[in-house]
Amino acid sequence: MCSSDLLPGARIARLDRDSATAKGAFERILQSFRDGDTDILVGTQMIAKGHDIPNVTLVGVVLADIGLSVPDFRAAERSFQLLTQAAGRAGRGAVPGRVIIQTLNPEHYAIRFAAEQDYAGFYKKELDFRKWMRYPPYSACANVLVRAGKQEDALAMATQLGFVLDPAPPDVRVMGPAEAPLLRLKNEFRYQILLKALKRTTLRAVLKDLRAFAGKERWSATALMIDVDPISLT
């Protein structure tokens, strides 16, 4: 059953990457919603941020916990941020707003604190998690990515780096090698190793050794990518 069956006569618009490809489509769709020519706006994350439309009184988020499954230590932070931003679209005018969050994991602290609009509570819980797991800001972090046109070559190179890092250098945690969340991107296969060190000087020394190894093995210039303090691990 589609939404038009549940709400007969409702004027529904969609705003996502596909519907906004034409020039000016993004602005036209939003303006139609702002003017009241559209009753319901359905879309992706792009409708959750920064839009000030006073006549919005109800916001619904479907599968609010989907971002928590991303293998990235910032997943909870990004989910909390997105939910609070989406909730902020409701009730910006004279009429109070209501937010409905649909989730399979209602007890997760990112979902719970977002529903309660408890920024301080989330901040403390997230810092406790990162301290326990030795993630930034309690460590220096680097994502080491190996790329090759053939999967067996990428896997072999990543395995070589795994041997270089075994045993792990003192005060360094090594996670991987493992398939990158996006194993294949632009005709290249990718494997990654995440390094966490208590001191930045220690991390720099380890990364220097990895670059030296890649040079000694005559890897191509694009085979080894190192991202220090990565914004994303995907």
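Here, the structure is the one placed above.
Source: prediction; values computed, not measured.

Caption draft 1: Highlighting the nonpolar core. Core analysis: the largest hydrophobic core is formed by 25 residues, its most contacted members being V144, L161, L195 and W219. Contributing elements (two or more residues each) for this core: β5 (140-148), α6 (151-164), β7 (188-197) and α7 (200-216). Here this core takes 6 residues from α7, the largest share from any one element. Excluding its chain neighbours within four sequence positions, the residues that come into contact with V144 are L161, Y191, Q192, I193, L195, L207, L210, L224, M225 and I226.

Caption draft 2: Here's a closer look at the packing of helix α4 (residues 109-116) against helix α5 (residues 119-133). Contact geometry for α4 and α5: axes closest at 9 Å, N-to-C directions at 165°. In terms of their interaxial angle, α4 and α5 are classed as roughly antiparallel. Between α4 and α5 lies a crossing of left-handed hand. Across the interface between the two elements, Y109, A110 and F113 from α4 touch G121, F122, K125, E126 and F129 from α5. Counted by class, the contact of α4 with α5 contains 5 nonpolar, 1 polar and 2 charged residues.

Caption draft 3: Just the side chain of T38, in detail. One can find T38 in the loop between α2 (25-35) and β2 (40-43). Engagement of the side chain of T38 in a polar contact is seen with the side chain of S32, the distance being 2.8 Å. Not counting the four nearest positions on each side in its chain, T38 is found in contact with R11, I12, A13, S32 and F33.

Caption draft 4: A look at the pattern of salt bridges. Evaluated as defined, the whole model comprises 8 salt bridges. Its salt-bridge partner being R11, residue D39 comes within 2.9 Å of it at the nearest N-O pair. Of this pair, D39 sits in the loop between α2 and β2 while R11 sits in the loop between α1 (3-6) and β1 (12-15); the two residues are 28 residues apart in sequence, bridging distant segments of the chain. One salt bridge in this structure joins D229 and R200, with 3.0 Å as the shortest N-O distance. Taken together, the positions of D229 in the segment after β8 (224-228) and R200 in helix α7 put the pair 29 residues apart, joining distant regions of the chain. Take R200: its relative accessible area is 37%, and that puts it in the partly exposed class.

Caption draft 5: View of the pairing of strand β3 (residues 58-61). Across the two faces of β3 the burial differs, with V59 and V61 buried and L58 and G60 not buried at all. Strand direction decides the pairing type here: β3 and strand β4 (residues 98-101), joined by 4 bridges, are parallel. Directly across from V61, in β4, lies its bridge partner I101. The β-α-β motif built from β3, the intervening helix α3 (residues 75-87) and the parallel element β4 has right-handed crossover chirality.

Caption draft 6: Summary view of α4. Here α4 has its buried residues at Y109, A110, I111, F113 and A114. Against α3 and α5 lie the buried residues of α4. Phi turns positive one or two residues past the end of α4, at Q117, with a value near 55°.

Caption draft 7: View of a nonpolar patch on the surface. A cluster of nonpolar side chains, V62, L63, I66 and L104, forms an exposed patch at the surface whose accessible area comes to about 440 Å². The residue L63 is located in the loop between β3 and α3 in this model. The exposure class of L63 is partly exposed, given its relative accessible area of 37%.

What counts, and where the lines are drawn
Residues numbered from 1 in each chain as written. Predicted model: local features only at pLDDT ≥ 70, side-chain atom pairs only at ≥ 80, totals over all residues. Heavy atoms only, no water. Core = buried A, V, L, I, M, F, W, Y, C linked by side-chain atoms within 4.5 Å. Buried < 20%, exposed > 50% of the residue type's maximum accessible area, 1.4 Å probe, protein only. Helix = DSSP H or I, 4+ residues; strand = E, 2+ residues; numbered from the N terminus. Contact = heavy atoms within 4.5 Å. Axes fitted to C-alpha atoms, helices over the stretch in contact; angles between N-to-C directions. Parallel < 35°, antiparallel > 145°, perpendicular 65-115°, else oblique. Left-handed = near helix turned anticlockwise from the far one by under 90°. Nonpolar A, V, L, I, M, F, W, Y, C, P; charged D, E, K, R; others polar. Polar contact = N/O pair within 3.5 Å; in protein donor to acceptor, adjacent residues only side chain to side chain. Salt bridge = Lys/Arg side-chain N within 4 Å of Asp/Glu carboxyl O. Pairing = 2+ DSSP bridges. Right-handed = clockwise from strand over helix to strand, strands pointing away. Patch = residues over 30% accessible without salt bridge, like charges linked within 9 Å, V, L, I, M, F, W, Y side chains within 5 Å. Areas by Shrake-Rupley, 256 points an atom, 1.4 Å probe, with all protein chains shown as cover.

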